[in-house]
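The primary structure of each chain is shown beneath.
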Amino acid sequence: MDQMTPLETGQRTLLLTGASRGIGHATAKKFLNEGWRVIGCSRQPFSGECPWPGGSDDHIQVDLSDPQNTMEAVNEVKQKLNGSPLHALVNNAGISPKGPEGERLSTLDTDLRAWGEVFHVNFFASVVLARGLQNELSSGKGAIVNVTSIAGSRVHPFAGAAYATSKAALAALTREMAHDFGPLGVRVNAIAPGEVETSILSEGTDRIVAKLPMRRLGQPSEVANTIFFLCTEQSSYVSGAEIEVNGAQHV
């Protein structure tokens, strides 16, 4: 017996970048647990340690720092959708290069090529994917969530200048996209995480946490829950917003 397609079953579909670890991994698990199909994009091949069935079939290995590769990924997503609508796009992928000793790179010492790579991954890929899949998103009356950062609104002790400015640009892009995609029936929002407990925390994060009003790190699942909210009917009239998920670090 032939397997039914998501279009036939009414299953909703998410396209998620940066799906292989941290917030992305938690987001994939959240949506899968809620019955969604998740098409994941990352630089890494699909890991056999990921517990969900069919994950390798819905995985796209793509280098978002390469514009041509990103455009090719759009076509691959279309093939995987096979005429089905896309209900959510979460632009979560992000990179933040460090110096030789793991130090923060400032505007004075970030190589120009690093600026380009960071902006391609953290900013331009979001435009390429959303524009390339606008018909599929419109068909699904979908939602786009851009993952920005607390570093986009203030100088951060660990996040580099290229990362921070790319996230600030992504916040502005969110507003522009909300304006442009709204007539297509597509909502666009952003979330700005603060210090979240993942495997890539910088040494010294404990000093930041000690000064947070909530006195603890955020959990990837807490960020994933906010993303899920913005992709469902629970937030049907929310668009053009940036939600801070940082334990009041921004106040």
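The protein chain appears in an unreviewed UniProt entry as NAD(P)-dependent dehydrogenase (Short-subunit alcohol dehydrogenase family) from Sulfitobacter noctilucicola. Here is the UniProt Sequence similarities (unreviewed entry) comment for the protein chain, exactly as written: "Belongs to the short-chain dehydrogenases/reductases (SDR) family."

*Asks:* Mind showing me how you'd approach the packing of helix α3 (residues 67-81) against helix α4 (residues 112-132) here?
*Replies:* The relative placement of two packed helices comes down to the angle between their axes together with the axis-to-axis distance. Two elements in contact, α3 and α4, have axes whose closest approach is 10 Å; the angle formed by their N-to-C orientations is 35°. Crossing hand, α3 versus α4: right-handed. Residues P67, T70, M71, V74 and K78 of α3 pack against H120, A125, V128, L129 and G132 of α4.

*Asks:* Hey, could you run me through the environment of N189 in this one?
*Replies:* Position of N189 relative to the elements: it lies in strand β6 (residues 187-193). Relative accessible area serves as the criterion here: at 0%, N189 is assigned to the buried category. C-alpha separation for the pair N189 and T174, spaced 15 residues apart in sequence, amounts to 6.0 Å.

*Asks:* Whenever I open this one, the side chain of S149 confuses me. Can you help?
*Replies:* Following the sequence through the fold, S149 ends up in the loop between β5 (143-147) and α6 (161-181). Apart from the residues lying within four places of it in its own chain, the contact partners of S149 are Y163, K167, I191, A192 and P193.

*Asks:* Quick question: what am I supposed to make of helix α8 (residues 220-230) here?
*Replies:* An α-helix turns once every 3.6 residues. As a result, residues three or four positions apart point the same way. Every buried residue belonging to α8 is among P220, V223, A224, T226, I227, F228 and L230, and all of these are buried. In this structure, the buried side of α8 is in contact with α2 (22-33), β4 (88-91), β5, β6 and β7 (242-245).

*Asks:* Teacher, can you tell me more about the pairing of strand β1 (residues 13-17) here?
*Replies:* Most of β1 sits out of view: five of its five residues are buried. Here β1 shows no split at all, with T13, L15 and T17 on one side and L14 and L16 on the other all buried. One ladder, built from five bridges, connects β1 with strand β2 (residues 37-42); its direction is parallel. When the bridges of β2 are listed, L16 appears paired with G40. Relative to β4, β1 runs parallel, the two sharing three bridges. Residue pairing across strands places L14 opposite A88, the latter belonging to β4.

Calculation criteria
Residues numbered from 1 in each chain as written. Predicted model: local features only at pLDDT ≥ 70, side-chain atom pairs only at ≥ 80, totals over all residues. Heavy atoms only, no water. UniProt positions renumbered as here; feature names shortened; annotations may be inferred. Axes fitted to C-alpha atoms, helices over the stretch in contact; angles between N-to-C directions. Helix = DSSP H or I, 4+ residues; strand = E, 2+ residues; numbered from the N terminus. Left-handed = near helix turned anticlockwise from the far one by under 90°. Contact = heavy atoms within 4.5 Å. Buried < 20%, exposed > 50% of the residue type's maximum accessible area, 1.4 Å probe, protein only. Pairing = 2+ DSSP bridges.

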